[in-house]
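Fold and contact review
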Amino acid sequence: MSVVQVVFAHLLNLTHRMAHHTDAVRKGRWSASADFSFWDFPLLELSGKTMGIVGLGRIGSGVARVAHAFEMDVIAYDRTSSASAPPFVRTATLEDVFSKSDVLTLHCP
């Protein structure tokens, strides 16, 4: 499920600013740092954040499983039946998903 992996690759890049950190390390900023843990920005924990998913097909359900593994709260909207939603997914209206999500991912036609 490469799309699921890409969703979390982008999410981790945004929350941990990995591209910036990699560039800073390459420029020697970590080596020159007085601390072993070098970060320019605070890290954002995914645990406890709410992942909103629009579309709970094969890909959306895969994103939900990984978000759950990161200990994120998962809410989702699907235009068809939500009866097949995993038990850890709270189904919601589209408006609720938009307004209550810290992160939103769309997996719909």
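See the structure shown above.
Bear in mind that the values here come from a model prediction, so they are computed numbers and not experimental data.

Within the structure shown, the criterion is met by 2 salt bridges. With a shortest N-O distance of 3.1 Å, Asp-23 and Lys-27 are connected by a salt bridge. The exposure class assigned to Asp-23 is partly exposed, which follows from its relative accessible area of 36%. Between Asp-96 and Lys-100 there is a salt bridge, with the nearest N and O atoms lying 3.8 Å from each other.

Evaluated as defined, the whole model comprises 1 aromatic pair. Aromatic side chains Phe-8 and Phe-70 sit 5.5 Å apart centroid to centroid with 10° between the ring planes, which places their arrangement in the stacked category. Here Phe-70 lies in the loop between α4 (58–69) and β2 (73–77) and Phe-8 lies in helix α1 (residues 2–16), a separation of 62 residues in the sequence. In this structure Phe-8 comes out as buried when scored by relative accessible area, which is 5%. Note on Phe-70: relative accessible area 32%, which makes it partly exposed.

A separate point is α4. Taking 1.5 Å of rise per residue, the 12 residues of α4 would be expected to cover 16 Å, and the 17 Å separating its terminal C-alpha atoms lies within 8% of that figure. Packed against the buried residues of α4 are α1, β1 (50–54), β2, β3 (89–91) and β4 (103–106). Taken from the residues just after α4, Glu-71 is the one with a positive phi, measuring 65°.

Here we come to the sheet that holds β4. Ordered in space as β3-β2-β1-β4, the 4 strands form an open sheet in which the pairing is parallel. With one partner strand each, in any of the chains shown, β3 and β4 form the two edges of the open sheet. Direction aside, neighbouring strands of the sheet carry axes that sit 25° apart on average. Bridge count between β2 and β3: 3 bridges; the pairing is parallel. The residue of β3 that forms the bridge with Ala-76 is Thr-91. This element, α4, spans β1, β2, β3 and β4 of the sheet and lies at about 175° to β1.

The rules behind the values
Residues numbered from 1 in each chain as written. Predicted model: local features only at pLDDT ≥ 70, side-chain atom pairs only at ≥ 80, totals over all residues. Heavy atoms only, no water. Salt bridge = Lys/Arg side-chain N within 4 Å of Asp/Glu carboxyl O. Buried < 20%, exposed > 50% of the residue type's maximum accessible area, 1.4 Å probe, protein only. Phe/Tyr/Trp six-rings, centres within 6.5 Å; stacked < 30°, edge-to-face > 60°. Helix = DSSP H or I, 4+ residues; strand = E, 2+ residues; numbered from the N terminus. Expected span 1.5 Å × (residues − 1). Contact = heavy atoms within 4.5 Å. Pairing = 2+ DSSP bridges. Axes fitted to C-alpha atoms, helices over the stretch in contact; angles between N-to-C directions.

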